[in-house]
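Structural description and commentary
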Amino acid sequence: MELSDSWSAGSVAAVLPAGGSGERLGAARPKQFCALQGRPLVSHTARALERISWISDIIVVVSLEHIETMKSIIQKYGHKRITVVEGGVTRHRSIFNGLKIFAENKLSNCPLQKPEVVIIHDAVRPFIEEDILLKVVKAAKDHGAAGAIRPLVSTVVASSADGCLDHSLERARYRASEMPQAFLFDIIYQAYHQCNDYDLDYGTECLHLALKYCKTKAKLIEGSPDLWKVTYKRDLYAAESIIKDNLSQQVCVITDMKGDDVQVGFLLHETLKSHIKQVKRISVSLCKDDNYMQNIILGQCYNFICMHVKKSAFQETQQLVDILENANVSTLYPVVLISVHLNVSENASFSSEMEDLTRIKEFAREVKKKNILVYGLLIHYNKDDPQLQETVNSAATIISALIKDRNPELIGQLLVA
Ligand SMILES: Nc1ccn([C@@H]2O[C@H](COP(=O)(O)OP(=O)(O)OP(=O)(O)O)[C@@H](O)[C@H]2O)c(=O)n1
Ligand SMILES: O=P(O)(O)OC[C@@H](O)[C@@H](O)[C@@H](O)CO
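Residues numbered from 1 in each chain as written. Chains lettered and ligands numbered in written order. Predicted model: local features only at pLDDT ≥ 70, side-chain atom pairs only at ≥ 80, totals over all residues. Heavy atoms only, no water.

As annotated in an unreviewed UniProt entry, the chain carries the name D-ribitol-5-phosphate cytidylyltransferase and comes from Alligator mississippiensis. As its UniProt record puts it under Sequence similarities (unreviewed entry), the chain is described as follows: "Belongs to the IspD/TarI cytidylyltransferase family. IspD subfamily." (UniProt positions renumbered as here; feature names shortened; annotations may be inferred.)

Here it is as structure tokens:
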């Protein structure tokens, strides 16, 4: 779906309510500040919206006690176009506070331009894509309001005073109201202004406010399964797994194999293709080309395999760490870097090399500070070994597991294929 060119820059803004306490999740901090792959949940959602160029401003609404927390998140992860606003005691009151910053900007001498359309999206719904945002915004321009919906999983029932079934709703006729939602700014702002306290304190549905107070019937847009809200602990585990899965889709094999090692490098590259969706192979010399690496990195690659010609040296791995650090790859997500050492067993200095390799623990500890997870893998093989493919299969299985698991507790370990 193409973005309509009738949209002037700045005509769409977003409000992310993030002022709740996350009681149902039961963590030590509100769920929007719980970490997924080392970064707060709210940062993942904010990042998803920042990727949308036609959203001019993003208002994150947090409780007074978490304003500084949110500002440090913005600073640490380099968020742009975000303004922090103090929330209210209920979600509706938080959203209303978020909207006020546009309407009363003269009072708050805030330079934010009042948008034509405002997106409202819970900060605890991190899996948001441009397509559904485009759909709800376009529908809001036409209908005044729009919201994403999903099929109900459970049937809705009503209980009578004695706690028994009074009646059940025909599930096929109903939908679950999800996020994102979008509104012509003036409509939702007027609705909140006319809202009574009961609605502000007990309501859960912005679309209902537009209908009740502005006679605006929101357009309902079928959304994808990814629009769910992190509410309970299981949702946080699910979100973490989805993010890890998304990060594990590609790997870049950096190799300058010479002589006998070329065969193993090629076999490993081919075998990895049955484990990981995209396997790129680049030479060490190309790796030193900043522009080339920028493209690799901009291709959202967060997994690297450094294959060593010098059995125990970490030079190539250290070079790669420097390149990744300069490119700020690991700011948003941990990068997995697997240092692969090929060891032909008849090598006379095997024991001294093994001693060298144990330095990987200290090396990995240092590099972890840069959000790069380093693991070691020793591929032990004989040049003419008929079992070579089996050894390479084992290496590919270990590499795939390390990439999928991204476990910071295993950094610096030296595994053997
Ligand atoms: N006073 C409030 C309450 C909720 N929210 C936000 O509204 C979104 C959806 O609300 P919900 O999932 O209910 O969050 P909590 O209220 O934090 O959860 P709980 O009801 O379990 O405490 C969340 O991003 C939450 O931070 C808000 O901005 N201000
Ligand atoms: O009710 P809660 O505060 O848990 O979450 C808010 C949800 O109700 C809301 O995000 C959607 O149902 C759409 O309105």
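The next point concerns the sheet that holds strand 6 (residues 117-120). Strand order in this open sheet of seven strands is 5-4-1-6-10-7-11, and the pairing throughout is mixed. With one partner strand each, in any of the chains shown, strand 5 (82-86) and strand 11 (219-222) form the two edges of the open sheet. Here the average twist between neighbouring strands, direction ignored, is 25°. Note that strand 7 (residues 145-151) and strand 10 (residues 175-184) share six bridges and pair antiparallel. Residue pairing for strand 10: P151 is matched across the bridge by R175. (Pairing = 2+ DSSP bridges. Helix = DSSP H or I, 4+ residues; strand = E, 2+ residues; numbered from the N terminus. Axes fitted to C-alpha atoms, helices over the stretch in contact; angles between N-to-C directions.)

Turning next to the site of ligand 2. In the vicinity of ligand 2, the contacting residues are R24, R91, D122, R125, S177, E178, M179, Q181, T204, E205 and K229. Measuring from an oxygen atom of ligand 2, one finds a side-chain N or O atom of D122 at 2.5 Å. T204 places a main-chain nitrogen or oxygen 3.2 Å from an oxygen atom of ligand 2. Here ligand 2 loses 78% of its free accessible area of 360 Å² to cover by the protein chains. Take the shell around ligand 2: its biggest share by element is four residues, from strand 10. Residue composition of the shell around ligand 2, grouped by class: one nonpolar, three polar and seven charged. (Near = heavy atom within 4 Å. Polar contact = N/O pair within 3.5 Å; in protein donor to acceptor, adjacent residues only side chain to side chain. Areas by Shrake-Rupley, 256 points an atom, 1.4 Å probe, with all protein chains shown as cover. Nonpolar A, V, L, I, M, F, W, Y, C, P; charged D, E, K, R; others polar.)

Right, let's talk about a negative patch on the surface for a bit. Where like charges cluster on the molecular surface, the negative patch consists of E129, E130, D131 and D226. Tracing the sequence through the fold places E130 in helix 4 (residues 130-143). (Patch = residues over 30% accessible without salt bridge, like charges linked within 9 Å, V, L, I, M, F, W, Y side chains within 5 Å. Salt bridge = Lys/Arg side-chain N within 4 Å of Asp/Glu carboxyl O. Lys, Arg positive; Asp, Glu negative; His and termini not counted. Charge placed at Lys NZ, Arg CZ, Asp CG, Glu CD.)

Let us now look at the pattern of salt bridges. The full count for this structure, using the stated rule, is 14 salt bridges. Linking K212 and D199 is a salt bridge whose minimum nitrogen-to-oxygen distance equals 2.7 Å. Of this pair, K212 sits in helix 7 (residues 206-214) while D199 sits in helix 6 (residues 197-202); the two residues are 13 residues apart in sequence, bridging distant segments of the chain. Judged by relative accessible area, K212 falls into the partly exposed class, the value being 35%. Each of R91, D122, R125 and E178 takes part in a single network of salt bridges with overlapping partners. (Buried < 20%, exposed > 50% of the residue type's maximum accessible area, 1.4 Å probe, protein only.)

Attention now goes to the nonpolar core. Grouped together as the largest cluster of nonpolar side chains are 104 residues, with contacts concentrated most on I55, I338 and I379. Shared between two domains, this core holds at least three residues of each, these being domain 1 (12-242) and domain 2 (248-416). Non-local contacts of I379, meaning those with residues more than four positions away in its chain, are made with V264, L268, V340, H341, L342, N343, T391, A395 and A417. Within the second largest apolar cluster, 29 residues are counted, among which are A13, V85, I95 and C195. (Core = buried A, V, L, I, M, F, W, Y, C linked by side-chain atoms within 4.5 Å. Domains from an automatic or database assignment. Contact = heavy atoms within 4.5 Å.)

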